[in-house]
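Residue strings, one per chain:
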Amino acid sequence: MEKKIKKYGLLGFSLKHSFSPAMHNAAFEKFGINGQYFLFEKKNSQLDEFLKNLKKEGITGINVTVPYKEEVLSRLDWVSEDAASIGAVNTVVAGPKGLLKGFNTDWTGFLKEIKDFGRCKNAKVALLGAGGAARAVSYALVREGAQKLVIFDINSSKAAALAKDGQRWAAEKNLKIEIKKIDNLGDLNLAEKDLLVNATPMGLKEDDPLLIEKNKLHPNLMVYDLIYNPSLTKLLGAAKEKGLKFVNGLGMLVYQGAQSFLIFTGAQLSLEEVASVMRGALLKELP
Ligand code: NAP
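Rules used throughout
- Note on numbering: residues in each chain are counted from 1, in written sequence order.
- Only residues with pLDDT of at least 70 are given local features in this predicted model, and only at 80 or more are side-chain atom pairs given and counted; all residues enter the totals for whole chains, interfaces and linings.
- The basis for the side-chain values is all heavy atoms of the structure; hydrogens and waters are excluded.
- Secondary structure elements are defined from DSSP: runs of H or I of at least 4 residues count as helices, runs of E of at least 2 residues count as strands, and each element is numbered from the N terminus.
- The globule rule is 2.2 Å times the number of residues to the power 0.38, and the radius of gyration it is compared with is taken over C-alpha atoms.
- Classification of residues uses two cut-offs on accessible area relative to the type maximum, computed with a 1.4 Å probe and protein chains only: under 20% is buried, over 50% is exposed, and between them is partly exposed.
- Here, residues are in contact when the closest pair of their heavy atoms is within 4.5 Å.
- Accessibility throughout is a Shrake-Rupley quantity obtained with a 1.4 Å probe, and a residue counts as covered only by protein chains that appear here.
- Neither His nor the chain termini are counted; the positive set is Lys and Arg, and the negative set is Asp and Glu.
- Think of each charge as sitting on NZ of Lys, CZ of Arg, CG of Asp or CD of Glu.
- By definition here, a helix of n residues has an expected span of 1.5 Å times n minus one.
- Two rings from Phe, Tyr or Trp (for Trp, the six-membered ring) form a pair when their centres sit within 6.5 Å of each other. Planes less than 30 degrees apart are called stacked, planes more than 60 degrees apart edge-to-face, and all others tilted.
- Ring-over charges, as used throughout, are those where CZ of Arg or NZ of Lys falls within 6 Å of the ring centre and within 35 degrees of the ring normal.
- A pairing counts as a salt bridge when a side-chain nitrogen of Lys or Arg comes within 4 Å of a carboxyl oxygen of Asp or Glu.
- When DSSP finds at least two bridges between two strands, those strands are taken to pair.

Q: Which residues make up the overall build of the protein, and what are the values?
A: The helix and strand tally for the protein stands at nine helices and twelve strands. In summary, the protein has a C-alpha radius of gyration of 19 Å against a globular reference of 19 Å for 287 residues, a match within 12%. Principal-axis analysis of the C-alpha atoms gives the protein an extent of 65 × 40 × 35 Å. Out of the 287 residues in the protein, the part that is buried amounts to 51%. Put simply, of all contacts in the protein between residues at least 6 apart along the chain, 70% involve residues at least 24 apart. Working note: accessible area of the protein is about 13,900 Å², and carbon and sulfur atoms make up 51% of it. Distance from the positive charge centre (40 side chains) to the negative charge centre (32 side chains) of the protein: 3 Å.

Here it is, written out as structure tokens:
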């Protein structure tokens, strides 16, 4: 008899433009796993009920996205050390007795990409944004031995909170890193930086302004924009024009997805195998 299909999905609100179903369903199909990935668009008032009934509803694992990555933490039975430090969970599995375990694969997704580019250890980094994604990026940079991190967010208290957490993460592992926030983008000294990361939503829309003056982009600077749609934001376009190394957020999305998939299924597959299938599915979906 054929085994019952295992349900997975994405929890968030709203979910109109999610590429996660395409990525995960392609991997289920390719690796012969009897699973299907759905979208679970829930209001805040529905969260408790939804999480409590995961197992009963036959849902084995979920990804979590905006605005619930922080919200779900307190509702889980166990949270990985990294997810607890970052303060955000993007992957939840329901164990045999319905116990919920939470993980964060955003930071390892970013780390995998940035390590491949060799811009992590000893790097001097400028980070735009101090939201959920920026927290995952900062955690990866601190843990991987970046030398300096300067954070700017229009919300200065968010930047201050992230800088403080960054110092705590470093202290916990006996790592040395200089971290500060700045209140004016004009004060950002890019000349001494190796890496500029955009973790704000600026660049999603065509008429969004370019946050960085073009003349501040120098040949030794790599530009990483977490946005993957459009694939070439104004910022990346400027980096390209100036001949800089640049990358968009597609790789981070793919690697966080592949790592979640391995946590969900426990499949004995390599990260690269899964990532490659997910990347193919994603490229078919993107405009
Ligand atoms: P978020 O939690 O809303 O954080 C965005 C932060 O940027 C907020 O603190 C926001 O401040 C700040 N901000 C907005 N406009 C700004 C500006 N002009 N200058 C400086 N800071 C500004 O969002 P998120 O979840 O971190 O996502 C951020 C971006 O990363 C999005 O574009 C998202 O698509 C992308 N992302 C990509 C991946 C991937 O896998 N590639 C994963 C996660 C996120 P306010 O709160 O005051 O508006």
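Now that the structure is up, let's keep going.
Q: Account for helix α5 (residues 132-143), naming residues and giving values.
A: Relative to the 16 Å expected for twelve residues at 1.5 Å per residue, α5 spans 17 Å between its end C-alpha atoms, a close match to the ideal helical length. Counting buried positions along α5 yields ten of twelve residues, so the element is predominantly enclosed. Within α5, burial applies to Ala134, Arg135, Ala136, Val137, Ser138, Tyr139, Ala140, Leu141, Val142 and Arg143. Of the residues flanking the end of α5, it is glycine 145, one or two places downstream, whose phi is positive at about 85 degrees.

Q: Could you give an account of the packing of aromatic side chains, with specific residues and numbers?
A: Tallied over the entire structure, the rule returns eleven aromatic pairs. Relative to phenylalanine 261, the ring of phenylalanine 31 lies with its centre 6.4 Å away and its plane at 50 degrees, an arrangement referred to as tilted. Taken together, the residues span a long stretch of sequence, with phenylalanine 31 in the loop between α1 (20-30) and β2 (35-41) and phenylalanine 261 in helix α8 (residues 250-265) at a distance of 230 residues. Relative to phenylalanine 50, the ring of phenylalanine 40 has its centre 5.2 Å away and its plane inclined at 50 degrees; by these criteria the two rings are tilted. Of this pair, phenylalanine 40 sits in strand β2 while phenylalanine 50 is found in helix α2 (residues 47-52), placing the two residues ten residues apart along the sequence. By way of ring pairs, the aromatic residues Tyr8, Phe28, Phe31, Phe261 and Phe264 are connected into one cluster. A cation sits over an aromatic face here: lysine 101 above tryptophan 78, 5.4 Å from the ring centre.

Q: Requested: an account of the pattern of salt bridges, with residues and values cited.
A: Summed over all chains, the structure comprises 18 salt bridges. Notably, a salt bridge pairs aspartate 106 with lysine 69, separated by 2.7 Å at the nearest N-O pair. With aspartate 106 in helix α4 (residues 106-116) and lysine 69 in the loop between β3 (59-64) and β4 (78-79), this residue pair connects regions lying 37 residues apart in the sequence. As far as the burial class goes, aspartate 106 and lysine 69 line up, both buried. Between lysine 193 and glutamate 192 there is a salt bridge, with its nearest N and O atoms 2.4 Å apart. A residue is classified by how much of its surface remains accessible, and lysine 193, at 3% relative accessible area, is buried. Taken together, the salt bridges that share partners define one network made up of Asp82, Arg135, Arg143, Asp165, Arg168 and Glu172.

Q: Mind laying out the pairing of strand β10 (residues 195-198), listing which residues take part and the relevant values?
A: Here β10 shows no split at all, with Leu195 and Val197 on one side and Leu196 and Asn198 on the other all buried. The sheet contact formed by strand β7 (residues 124-128) and β10 spans four bridges and is parallel. Following the sheet pairing, alanine 126 is matched in β10 by leucine 196. By the bridge criterion, four bridges tie β10 to strand β11 (residues 222-225) in an arrangement that is parallel. Bridge pairing links leucine 195 to methionine 222 in β11.

Q: I'd love a proper account of unusual backbone geometry, names of residues and values included.
A: At the junction of valine 66 and proline 67, the peptide bond is cis and its omega measures out at 5 degrees in the coordinates. Looking at the secondary structure, you find proline 67 in the loop between β3 and β4. Cis geometry marks the peptide bond from asparagine 229 to proline 230; its omega dihedral reads 10 degrees. Within the secondary structure, proline 230 sits in the loop between β11 and α7 (234-241). Here the phi dihedral of asparagine 122 falls at roughly 65 degrees; this positive angle occurs in a residue that is not glycine. By the element assignment, asparagine 122 lies in the loop between α4 and β7. Note on asparagine 122: relative accessible area 48%, which makes it partly exposed. Positive phi outside glycine occurs at asparagine 174, with the angle close to 60 degrees. Of note, asparagine 174 is situated in the loop between α6 (156-172) and β9 (178-182).

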